[in-house]
Amino acid sequence: MATSPCSSSGVSSSSSSGLGADAGLEIRTRSVEQTLVPLVSQITTLINHKDKPKRSDKTLQAIQRVGQAVNLAVGRFVTVGEAIANENHELKEEMSVACIEARRAGETIAQLTDVASLDHPESDSHITIFTDKTGVVKAARLLLSSVTKVLVLADRIVIKQIITSRNKVLATMEQLEKVSSFQEFVQIFSQFGNEMVEFAHLTGDRQNDLKDEKKKARMAASRAVLEKCTMMLLTASKTCLRHPDCESARINKDGVFHRMRLALEQVIEIVTDSRPNGENEMAPISIYSGIKEFKNKVEGLRENLYFLSKENLSTMLEVILEHTEDFTDSAYTSHEHREHILELSKQAKMELEQLVSVWMQAQNQKTKDLMEDLEVAILKTCQCMNELKREVHSAATSLAADLLKYHTDHMVLKALKITGVEGNLEAVAEYTCKLSEQKEQLVEMCRLLRHVSGTEPLEITCIHAEDTFQVTGPQIISAAETLALHPSSKIAKENLEVFCEAWESQLSDMSLLLREINDVFEGRRGEKRVYLSLPRPGKHNSNLKTLKPVKLDTEEQAKIAKLGLELHLLTSDVDSETEKWEDQENEIVQHGQGMSSMAYSMYLFTRGEGLLKTTQDLFHQAEIFATEGTKLASALHALSDQVHNDDKPLLLLEAEKLISMCKQLQITAKASAQGKSATFTKVDACILKTRNVMTLLCQLLPLCCKLLRKNKAGNGCLKPAPPWKEDRLRTGTNARTPERRVDTFGIKSLENHVTNMTFLESK
């Protein structure tokens with residue numbers, strides 16, 4: 001069964017049958033992608049039916065039902081598409097063509113699945129799905145392509161809504177800048193507030209719908225700026241109206257308007273996927289991402305000795321080491337961290353030289369000894385890079401923790417408020433200098449944290465935080481100067497309070513960001529889920545307490561690397577299978593996800609990374625993994641009571657197989673092992689048995705999903721949408737408010753329709 005018809009670069013092929021949609025259409029949102037899933041699933045089922053010589057009436061009727069249901073659902077879907085076209089004249093021609101194509105394809109599928117045609121086999125004019133598989137594939141491809149076009153065009157209407165809303169906000173902002181009386185300002189700001197609320201709802205929905213995590217993070221940053229600046233705009237504008245001749249008040253207000261315009265522009269760049277003047281978006285470069293790419297290239301030498309040049313590797317390392325200068329040149333990096341980073345940088349160059357030497361020899365002569373030497377060199381190079389990553393992480397996060405703790409009392413801000421109310425310009429000047437120093441510290445902290453943030457969304461959040469400190473610092477200073485010049489002004493005092501609150505809020509956000517960065521580094525979140533229920537130090541099983549907690553050395557890691565890689569690939573396969581389940585709360589899915597997370601942490605152990613630091617940790621993790629597998633077996637037994645009698649023996653057989661394998665793993669994990677050699681043998685056995693369980697899990701998950709789908713008579717793992725109501729269409733076309741018509745004919749209406757294409761599958 002095909003699960004996702006789309007990819008980030010376009011609509012991918014959906015089955016081995018050659019079924020695919022128009023690759024020129026890029027799907028950027030989850031709603032469009034998810035809407036296509038049930039259609040792809042059912043069409044693929046139809047195309048991949050087995051051509052048996054003897055076809056039962058039940059099979060023929062099931063195929064006909066699918067064909068007719070597809071045609072009817074497409075007809076209703078097209079009706080909505082045509083209504084959208086009538087409401088949006090600039091898209092009418094494109095939408096109409098796509099609707100005509102979809103209708104034609106739906107009718108063709110209905111004709112080819114018509115059982116009545118089989119009553120006259122002697123007639124050449126009656127072509128069916130059994131005689132013309134190519135025709136069905138062609139019709140299905142046309143149907144998917146045209147339906148996708150309709151969805152993407154409807155999505156463009158959502159984008160148009162956001163642009164229209166932004167334009168309203170900008171127009172009202174221009175009016176706010178020009179007002180000269182409080183009464184006029186209050187009236188226009190009321191309108192502005194309503195428009196900002198509408199814009200916030202539209203962009204919030206869009207943010208949640210975006211597939212690209214980087215764009216989602218950028219959208220979140222822009223919306224945060226707009227949310228905070230709305231209050232700043234109110235107080236800064238009122239202060240300017242109260243003190244029209246005050247230069248610092250004007251600077252304060254202008255800064256807010258400028259920042260809001262930049263944020264509004266960035267939102268539009270994200271939703272339209274465009275950059276000003278055709279510029280390409282420069283991805284943030286960090287030490288973390290550089291090391292990750294470098295290690296991937298180095299580890300790739302195991303599979304292919306010729307896929308890159310030594311110059312390429314040397315250049316990559318040079319770039320990483322250049323970025324470490326951000327730490328070694330920083331006045332805020334401790335002497336100890338600076339020395340360690342310089343030492344590790346020197347060691348990394350030496351390890352790469354040794355790796356290149358062995359690598360060049362291996363290209364000429366692939367002896368067993370040389371390949372073993374290469375494996376050791378690869379592991380030593382990667383281990384050195386891990387230590388460098390750990391050192392810069394420690395330098396950045398310890399600096400951040402110290403600064404956030406030091407500034408938690410907000411003494412400078414409190415002093416500015418007091419001296420401002422006193423009208424003490426000299427004291428205000430003194431404390432603004434201290435705030436400027438604090439700003440430079442925090443900006444430097446954000447720059448260093450970006451290098452170790454671990455994921456691109458967190459890198460973007462660090463950049464946003466840096467910008468916020470850079471901008472808010474001078475704004476606080478101008479607000480404080482205004483208050484010092486007008487110490488009795490309540491509005492000037494309120495204005496300074498608002499900007500100080502924004503600064504305090506950003507400091508609070510930094511504490512959360514620091515926690516997230518540490519979580520990613522420790523493997524607790526980010527690109528891959530890792531099991532969290534590890535024992536606390538000293539809380540291990542009693543039979544493990546006497547064991548010496550040791551780590552694998554480089555040679556042992558080399559021996560177990562291939563097994564670890566296999567485990568990594570299996571966790572990806574299991575994750576892929578669990579993502580196909582619509583019901584993520586299903587007990588089988590949850591046990592599968594937990595086991596995958598634990599297996600992934602065991603894979604990280606083979607690389608010397610992650611939460612499992614010692615062999616003792618690994619053995620305890622293996623025990624918990626086996627326990628989770630036993631729980632999964634119980635869930636399989638429960639499922640066997642729900643499925644048809646002919647499917648029950650197979651499921652029970654697989655459950656018993658899983659129980660047996662988990663028992664063997666538990667026995668191995670609990671067995672005592674004295675000495676280095678015996679401990680490594682035990683490690684190897686635990687990883688091997690975990691791999692075997694994961695292999696079985698890869699087979700079990702699709703089997704369970706298939707049996708559930710079969711048991712639910714075709715509803716699959718996809719939840720059916722509410723039934724279509726024809727009066728919704730009539731209500732939409734008669735709506736009096738043009739702006740609300742788009743809400744009626746949006747992605748949601750189309751989504752309900754395509755989701756209803758979940759029909760009985762043929763056997």
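Computed from a predicted structure; not experimentally measured. (Residues numbered from 1 in each chain as written. Predicted model: local features only at pLDDT ≥ 70, side-chain atom pairs only at ≥ 80, totals over all residues. Heavy atoms only, no water.)

Caption draft 1: Region of interest: the overall build of the protein chain. Of the regular secondary structure elements, the protein chain holds 23 helices and zero strands. The proportion of buried residues among the 763 residues of the protein chain is 52%. Sequence-distant contacts, at least 24 apart, represent 79% of the contacts inside the protein chain between residues at least 6 apart. For the protein chain, the exposed area adds up to about 36000 Å²; of that, 50% sits on carbon and sulfur atoms. (Helix = DSSP H or I, 4+ residues; strand = E, 2+ residues; numbered from the N terminus. Buried < 20%, exposed > 50% of the residue type's maximum accessible area, 1.4 Å probe, protein only. Contact = heavy atoms within 4.5 Å. Areas by Shrake-Rupley, 256 points an atom, 1.4 Å probe, with all protein chains shown as cover.)

Caption draft 2: Looking closely at the pattern of salt bridges. Counting across every chain of the model gives 21 salt bridges. Lysine 149 is paired through a salt bridge with glutamate 101; the nearest N and O atoms lie 3.9 Å apart. Here glutamate 101 lies in helix 3 (residues 92-112) and lysine 149 lies in helix 4 (residues 133-178), a separation of 48 residues in the sequence. Here glutamate 444 ties to arginine 447 by a salt bridge, and the two come within 4.0 Å at their closest N and O atoms. (Salt bridge = Lys/Arg side-chain N within 4 Å of Asp/Glu carboxyl O.)

Caption draft 3: Geometry of helix 17 (residues 587-606). Along its 20 residues, helix 17 runs 29 Å from first to last C-alpha, staying within 8% of the 28 Å computed at 1.5 Å per residue. Of all 20 residues in helix 17, 18 are buried, a share of seventy percent or more. (Expected span 1.5 Å × (residues − 1).)

Caption draft 4: Seen up close, the confidence of the model for the protein chain. For the protein chain, mean pLDDT is 80; residues scoring 70 or higher make up 80% of the total. Scored below 50 in pLDDT, residues 713-746 makes 53 contacts in the model with residues more than four places away or belonging to other chains. Confidence drops under pLDDT 50 across residues 753-763; counting only partners more than four residues distant or on other chains, this segment forms 51 contacts. (pLDDT = per-residue confidence, 0-100.)

Caption draft 5: How the structure looks around the packing of aromatic side chains. Scanning the model with the defined rule gives four aromatic pairs in all. Plain terms: the ring middles of tyrosine 600 and tyrosine 603 are 5.5 Å apart, the flat faces sit at 45 degrees to each other, and that makes the pair tilted. Here the residue tyrosine 600 and the residue tyrosine 603 both occupy positions in helix 17, the gap between them amounting to three residues, near one helical turn. Pair check on accessibility: tyrosine 600 and tyrosine 603 agree, each one buried. Each member of the aromatic cluster is reached from another via a ring pair, and the members are Phe185, Phe189 and Phe192. If you follow lysine 682 out to its NZ or CZ, it ends over the ring of phenylalanine 619, 4.1 Å from the centre. (Phe/Tyr/Trp six-rings, centres within 6.5 Å; stacked < 30°, edge-to-face > 60°. Lys NZ or Arg CZ within 6 Å of the ring centre and 35° of its normal.)

Caption draft 6: Up close: unusual backbone geometry. The phi angle at histidine 410 is positive, at roughly 55 degrees, despite the residue not being glycine. Mapped onto the fold, histidine 410 is located in the loop between helix 11 (368-406) and helix 12 (411-422). Owing to a relative accessible area of 18%, histidine 410 belongs among the buried residues under this scheme.

Caption draft 7: Inspection of the packing of helix 9 (residues 310-328) against helix 11 at higher detail. Interaxial distance between helix 9 and helix 11 falls to 11 Å at its minimum, and their mutual angle equals 20 degrees. Taken together, the axes of helix 9 and helix 11 lie roughly parallel to each other. The two elements helix 9 and helix 11 cross, and the hand of that crossing is left-handed. Residues Leu317, Ile320, Leu321, Thr324 and Phe327 of helix 9 form the contact with helix 11, whose participating residues are Met385, Leu388, Val392, Ala395 and Ala396. (Axes fitted to C-alpha atoms, helices over the stretch in contact; angles between N-to-C directions. Parallel < 35°, antiparallel > 145°, perpendicular 65-115°, else oblique. Left-handed = near helix turned anticlockwise from the far one by under 90°.)

Caption draft 8: Quick look at helix 6 (residues 213-242). Between the first and last C-alpha of helix 6 there are 44 Å, a value that for 30 residues agrees with the 44 Å anticipated at 1.5 Å per step. At cysteine 229, helix 6 shows its largest kink, close to 30 degrees. With 21 of 30 residues buried, helix 6 lies mostly within the body of the structure. Where helix 6 starts, the residue carrying a side-chain oxygen 2.8 Å from the main-chain nitrogen of lysine 214 turns out to be aspartate 212. (Bend = angle between axes of the 7 residues up to and from the residue. Polar contact = N/O pair within 3.5 Å; in protein donor to acceptor, adjacent residues only side chain to side chain.)

Caption draft 9: Focus on the side chain of glutamate 195. Position of glutamate 195 among the secondary structure elements: in helix 5 (residues 182-209). Lysine 168 is the oppositely charged side chain nearest to the buried, salt-bridge-free glutamate 195, at an N-O distance of 6.3 Å. Within the structure, glutamate 195 has its side chain in polar contact with the side chain of threonine 172 (distance 2.5 Å). Among residues more than four places away in sequence, those in contact with glutamate 195 are Ser165, Lys168, Val169 and Thr172. (Lys, Arg positive; Asp, Glu negative; His and termini not counted.)

Caption draft 10: Highlighting the packing of helix 9 against helix 13 (residues 425-451). At a minimum axis separation of 10 Å, helix 9 and helix 13 run at an interaxial angle of 145 degrees. Handedness of the helix 9/helix 13 crossing: left-handed. Every residue of helix 13 that contacts helix 9 at His323, Asp326 and Phe327 is listed here: Glu444, Leu448 and His451. Among the residues forming the contact of helix 9 with helix 13, the class breakdown is two nonpolar, two polar and two charged. (Nonpolar A, V, L, I, M, F, W, Y, C, P; charged D, E, K, R; others polar.)

Caption draft 11: Molecular detail of the environment of threonine 239. With respect to the element layout, threonine 239 can be found in helix 6. Remark: the alpha-carbon pair of threonine 239 and leucine 483, spanning 244 residues in sequence, is separated by 9.6 Å. Those residues in contact with threonine 239 that lie beyond four places of it in its chain are Ala249, Thr482, Ile491, Ala492 and Asn495.

Caption draft 12: Quick peek at empty space enclosed by the protein. Tallied over the entire structure, the rule returns four cavities of 30 Å³ or more. Space inside the largest cavity adds up to approximately 70 Å³. Surrounding the largest cavity, Ala224, Val225, Lys228, Cys229, Met232, Arg259, His464, Thr468, Thr472, Ala502, Trp503 and Gln506 form its lining. The greatest single-element share of the lining of the largest cavity, amounting to five residues, is contributed by helix 6. Class assignment of the residues belonging to the lining of the largest cavity gives a composition of six nonpolar, four polar and two charged. (1 Å grid on protein atoms, 1.4 Å probe; cavity = no way out; pocket = protein on both sides within 12 Å on 5 of 7 lines; lining within 4 Å. Points joined across faces, edges and corners; volume = space filled by probe spheres on them.)

Caption draft 13: Examining the environment of lysine 405 more closely. One can find lysine 405 in helix 11. Residue lysine 405 is classed as exposed on the basis of its relative accessible area of 68%.

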